Amino acid sequence: MMMAEQTVAERTITLEVFRYRPEQESEPTFQTYEIPYREDWVVLDALNYIKDSVDGSLTYRWSCRMGVCGSCGMMVNGVPKLTCSTFLKDYYPRPIRIEPLANFPVARDLAIVLDDFMAKLVHVRPWIIRRQEEPLEAGEYRQTPEELDRYKHFSMCINCMLCYAACPIYGLEPEFVGPAAVALAQRYNLDSRDQGGRERMGILSTHEGIWACTLVGECTTVCPAEVDPAAAIQQAKLASALGWLRRVLVPWGNK
Amino acid sequence: MRAYSRPTEFNWWLTNRTYFFFVVRELTSVLIAAYMVFLLVLLRRLAAGPEAYAAYLRFLGSPGMLLFHLVALAAALYHSITWFRLAPMAITLRVRGRRVPGATVVAANYAAWLVVSLVVAWIVLRS
Amino acid sequence: MVDVLRHDLLIIGGGAAGLRAATAAAQLYPRLNIAIVSKVYPMRSHTVSAEGGAGGVIKSNDSLDEHIQDTISGSDWLADQDAVELFAREAPAELLQLEHWGCPWSREPDGSVAVRPFGGMQKERTWFAADKTGFHLLHTLFQTSLQFSSIRRYDEWFATRLVVENGRCQGVVAIELGSGQIRLISAGAVILATGGAGRVFPFTTNGAICTGDGMALAYRAGVPLKDMEFVQYHPTGLPGTGILITEAARGEGGILVNKDGYRYLQDYGLGPPDPWPRLRAMELGPRDKLSQCFVYEMQKGRTITGPYGDIVYLDVRHLGEKKIDEKIPFVRELARKYVGIDPVHDPIPVRPVVHYMMGGVHTDAQGATPLPGLYAAGEVACVSINGANRLGSNSLSECLVFGTRAGRAAAAFALERPAADFAALETQARDEERRITATFLRAEGTERVSTLRQEMQLAMESGCGIFRDEASLQETCNRLARARGRFMRLRLDDRSRVYNTELVAALELDFMLDAAEAVAYSALARTESRGSHQRTDHPQRDDARFLKHTLAYRTGGAPRVDYLDVAITRWPPAQRVYGG
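Note that the structure is a prediction, hence the values are computed from the model and not measured.

## Quick notes on the overall build of chain B
(1) Moving on: The secondary structure content of chain B amounts to four helices and two strands.
(2) Moving on: Overall, chain B shows an N-to-C arrangement of helices and strands of α-α-α-β-β-α.
(3) Moving on: For a compact globule of 127 residues, the expected C-alpha radius of gyration is about 14 Å, and chain B comes in at 21 Å, more than 25% above that figure.
(4) Moving on: Seen through its C-alpha atoms, chain B measures out along the principal axes to roughly 70 × 50 × 20 Å.
(5) Moving on: A burial count over chain B gives 19% of its 127 residues as buried.
(6) Moving on: Considering only contacts in chain B between residues 6 or more positions apart, those separated by 24 or more positions represent 46%.
(7) Moving on: Total accessible area computed for chain B in this model is approximately 9,300 Å², and 72% of it derives from carbon and sulfur atoms.

Put into structure tokens, the structure is as follows:
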């Protein structure tokens, strides 16, 4: 009540930032920074201000600052976000809590260890698989705009891993292959040029593949690229179930 | 290089609205399963003869059982509505090259539900 | 004690050029042991933010000669014509290879690959994947590379020095960022694919990682940097952030207007304004001219003053919502998010921002530098196919064509001449470890990384921008030299080992100062105007003295500047003509 209103020149905002320096401490701590508030700043701008002018030891990842490289994912007030696309004005004047992405081990401060995701990415075989490669001289594989549309949104994944941070199943069962990996597998399964659907379905139709998913749906909610990984997983489940049914009812129908 | 692990807390489902309603949705299946048990017992009592059947009906009419059935009905409705809402995720239909909108898939599910309910109601109530 | 890892071929940089080099080498020589060292995970490479497209001749109404001609005139005749010829010839096959690997190129209704018009091109030949071409290209290449078990990646390893022994490059010293340990990777051949150096300027489309690392690594190994003075300003970046608004917005028909709503480009030889859109005219003119026209308008007081400096408007409203969402959806998303306007209803505020370095490590058409065993491809290299100004959509194709060439050439070299002098290499690595500890991890010092970086950036913007003169360039050179002096007194807040990103920032600043010095001194020495290098004190193009590439060699002080003739084959120098 007796607080003077902050003038434009001196408006500040408080950031509570997760710190973990393995050479100094065995447990993480939180460090509070009060920094200038700017109407058009994103959380990443605030972190850069801290690193440049206040505390150069704060470690975090970033690069493109336009939401396409996927580097800057962090928990902002408990919600996985890209800090380059999260505006301070949506939180001001309340403090903002910044932590590394949930469900991943922390290497240092706000930087997580990505090894698990990188392994899962390779595991689902995210490349065009064909029985027979056409020569380049034959020109492009024809693909109509409708065929492209079938998998296009699944191809938009920027590998930011916000979906893994949002998925409670991945938190409880770390062997779960995860939303982005399944979305990328489906991106190839649905690509008219690909012939590796059988192979990938074998990999996905396991417990730690698609069947661990219980359709919480948070992955799709937090995805900044509108990939809709939850849909990818449910479609894969349907395809897998139908495939199983077909094999059981029509066993002689397989090639 | 000691990475720090933050395992999921036991109260994870209380930290977020979506997580909470997800767990509620999953728990509805428990209530639905319980309802199925009572239904199966009903069939068994029916086969055991008129006194057993009548006694069971009196039991089902008790306040506790009525309350259970109301709660189980609410759970089943919530279960169905959330299921329908998520149906377009799994079912992608294309008609003449264009994607069928999610709303249409949801509406079709409701329509089918209504039709089946009407048929069952007619069968049950006409006698 | 420094750990040594041995490979046949080493590639520094995991973007389009680096990944293409790796896959080309892996396909041709399946037993070759290939390493990719990248300071970021490959999906974060700056290729990811390219939007508009990749140029390659495929339509029947087009020809290789026309692509070559457009590129050469776009370069203001500084491109090496033999290299441009092979570039145009090989680009379509490279783009097809990407298609076979799954790149989701946008299509015509009949399923064939679609192309769109782009600046400075007389025919439509820019292949595109909506307006996220670089993103799709990078992810396709990266995911394809995962198939090759012969490619071993070292993600988040920062290369600090090339090891040169016995007159050839035999590897690199790198910091494994996760642990802070210094390692040596030896190889028979090394390919630099580290991208550009836009971050030496304050406003750039470039991401944080574009700090000229490979340019400085080569420079310090005695390799000259070529044509560094030619820095491309992209005409349409968002004010303040510098975020890129793709040329494709103009390719689809977008227009640039000043504060009076007037399409000002017609006043500068790019008109008439109608019919529109029209190839090589108005808003589809070359980038250097469009950026220069902005400055002329600003000098006449016809630009709009905004909170982040002067702007003009890019208007796409007349395209309609359907076309915008179909062809340039990312533009709409970026405008809404970062400047709060919807391009369907309002024009987008834009201004020129630094975007691409035409200059770089001097290579031949095989990607080979003068140092045996060292190759370079992509934006880090200067072959040169872009000369004094690059045409939009040539860069992604360039990464693929020269990535493949460098990959194959370097692999062949490595097979013939594997690395040998391991004892000497290890000694160099230990020296480098000592140097890093002594320079960066000591407690004394007074200067902050961010202060010096900002000083460098401001010096470059004020004296070495779109228009330059001797006085402004000399001032920039002096300021850079002083910044270099102050760099000796750097002090980091973070002197730990594990994932020390302040150390990374300091190493990058070290590299950026080298790149900036090469740019500024090369610009000072070139007393003519050509393409993106405009001297108000020497406003004419001077083919008699300067139809040559600038070569800048590192010395203890100001770089030594030398010149190399441009290769002319079938297109004798002429005036660049657009519009009409």
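Now that the structure has been shown, the text picks up again.
## A look at the nonpolar core
(1) Moving on: Within the largest apolar cluster, 271 residues are counted, with the highest numbers of intra-cluster contacts made by A:Leu15, C:Leu9, C:Leu192 and C:Phe440.
(2) Moving on: Setting aside its immediate chain neighbours within four residues, A:Leu15 contacts A:Gln31, A:Thr32, A:Tyr33, A:Ile35, A:Ala46, A:Leu47, A:Ile50, A:Ile96 and A:Ile98.

## As for the domain arrangement of chain A
Residue and element names in this part refer to chain A.
(1) Moving on: One can read the domain layout of chain A as domain 1 (2-112) and domain 2 (115-254).
(2) Moving on: Distance between the C-alpha centres of domain 1 and domain 2: 33 Å.
(3) Moving on: Around 960 Å² of area is buried between domain 1 and domain 2 when both sides are counted, 73% of it from carbon and sulfur atoms.
(4) Moving on: It is Pro 80, Asn 103 and Phe 104 that lose the most area in domain 1 upon contact with domain 2, and together they represent 51% of the buried surface on that side.
(5) Moving on: Linking domain 1 with domain 2 are three residue pairs in polar contact (both at pLDDT 80 or more).
(6) Moving on: For the side of domain 1 that touches domain 2, the elements supplying multiple residues, two or more each, are strand S3 (73-76) and strand S4 (79-82).
(7) Moving on: Looking at the side of domain 1 that touches domain 2, its residues break down into nine nonpolar, four polar and one charged.

## Notes on the packing of helix H1 (residues 16-28) of chain C against helix H4 (residues 133-145) of chain C
All names here are of chain C.
(1) Moving on: Between H1 and H4, the shortest axis-to-axis distance is 10 Å and the interhelical angle comes to 30 degrees. Classified by the interaxial angle, the pair formed by H1 and H4 is roughly parallel. Helix-helix and strand crossings are classified by hand; for H1 and H4 the assignment is left-handed. Note on element contacts: H4 touches H1 through Leu 137, Leu 138, Leu 141, Phe 142 and Ser 145, opposite Ala 16, Leu 19, Arg 20 and Thr 23.
(2) Moving on: Classifying every residue of the contact of H1 with H4 gives six nonpolar, two polar and one charged.

## Digging into helix H10 (residues 394-416) of chain C
In an α-helix, one turn spans 3.6 residues; hence positions three or four apart end up facing the same way.
(1) Moving on: Over its 23 residues, H10(C) runs 33 Å from end to end, which matches the ideal 33 Å to within 8%, given 1.5 Å per residue.
(2) Moving on: Counting buried positions over the 23 residues of H10(C) gives 19, a clear majority of the element.

## Notes on a nonpolar patch on the surface
(1) Moving on: Together, A:Leu238, A:Leu242, A:Trp244, A:Leu245, A:Val248, A:Leu249, A:Val250, A:Trp252, B:Ile91 and B:Leu93 make up a nonpolar patch on the protein surface, roughly 990 Å² of accessible area in all.
(2) Moving on: Here B:Ile91 shows up in the loop between helix H3 (63-90) and strand S1 (94-95).
(3) Moving on: Given the relative accessible area of 31%, B:Ile91 is considered partly exposed.

## Section: unusual backbone geometry
(1) Moving on: In this model, A:Tyr92 is joined to A:Pro93 through a cis peptide bond whose omega is 5 degrees.
(2) Moving on: Within the fold, A:Pro93 resides in the loop between S4 and strand S5 (96-99).
(3) Moving on: Note the cis peptide between C:Gly271 and C:Pro272, where omega equals 0 degrees.
(4) Moving on: With respect to the helices and strands, C:Pro272 occurs in the loop between strand S14 (255-257) and helix H7 (287-299).
(5) Moving on: At A:Arg125, a position not held by glycine, the phi torsion is positive, near 55 degrees.
(6) Moving on: By the secondary structure assignment, A:Arg125 is in the loop between helix H2 (115-123) and helix H3 (145-152).
(7) Moving on: Residue class for A:Arg125 comes out partly exposed when judged on its relative accessible area of 30%.

## Focus on the interface of chain A and chain C
(1) Moving on: The partner chain C presents 64 residues to the 63 residues of chain A that form the contact.
(2) Moving on: It is A:Arg65, A:Met66 and A:Leu136 in chain A that bury the most area against chain C; as a group they hold 14% of the surface buried on that side.
(3) Moving on: At the surface where chain A touches chain C, the tally comes to five salt bridges.
(4) Moving on: The partner of C:Arg453 in a salt bridge is A:Asp52, and the shortest N-O contact between them spans 3.0 Å.
(5) Moving on: For the interface between chain A and chain C, the tally reads 41 residue pairs in polar contact (both at pLDDT 80 or more).
(6) Moving on: Of all the elements in the fold, those that place two or more residues in the side of chain A that touches chain C are helix H1 (43-54), strand S6 (106-108), H2, H3 and helix H6 (179-189) of chain A.
(7) Moving on: Its residues assigned to classes, the side of chain A that touches chain C shows 33 nonpolar, 14 polar and 16 charged.

## Quick word on the environment of A:Arg11
(1) Moving on: Locating A:Arg11 in the fold gives a position in the segment before strand S1 (12-19).
(2) Moving on: Separated by 217 residues in sequence, A:Arg11 and A:Asp228 have C-alpha atoms that sit 38 Å apart.

## Thoughts on the side chain of C:Asp62
(1) Moving on: By secondary structure assignment, the location of C:Asp62 is in the loop between strand S4 (54-55) and helix H2 (64-74).
(2) Moving on: For C:Asp62, the side chain forms a polar contact with the side chain of C:Arg125, separated by 2.8 Å.

So, how was this worked out
- Residues numbered from 1 in each chain as written.
- Chains lettered and ligands numbered in written order.
- Predicted model: local features only at pLDDT ≥ 70, side-chain atom pairs only at ≥ 80, totals over all residues.
- Heavy atoms only, no water.
- Helix = DSSP H or I, 4+ residues; strand = E, 2+ residues; numbered from the N terminus.
- Rg over C-alpha atoms; globule rule 2.2 N^0.38 Å.
- Buried < 20%, exposed > 50% of the residue type's maximum accessible area, 1.4 Å probe, protein only.
- Contact = heavy atoms within 4.5 Å.
- Areas by Shrake-Rupley, 256 points an atom, 1.4 Å probe, with all protein chains shown as cover.
- Core = buried A, V, L, I, M, F, W, Y, C linked by side-chain atoms within 4.5 Å.
- Domains from an automatic or database assignment.
- Buried area = accessible area lost by both parts, 1.4 Å probe.
- Polar contact = N/O pair within 3.5 Å; in protein donor to acceptor, adjacent residues only side chain to side chain.
- Nonpolar A, V, L, I, M, F, W, Y, C, P; charged D, E, K, R; others polar.
- Axes fitted to C-alpha atoms, helices over the stretch in contact; angles between N-to-C directions.
- Parallel < 35°, antiparallel > 145°, perpendicular 65-115°, else oblique.
- Left-handed = near helix turned anticlockwise from the far one by under 90°.
- Expected span 1.5 Å × (residues − 1).
- Patch = residues over 30% accessible without salt bridge, like charges linked within 9 Å, V, L, I, M, F, W, Y side chains within 5 Å.
- Salt bridge = Lys/Arg side-chain N within 4 Å of Asp/Glu carboxyl O.

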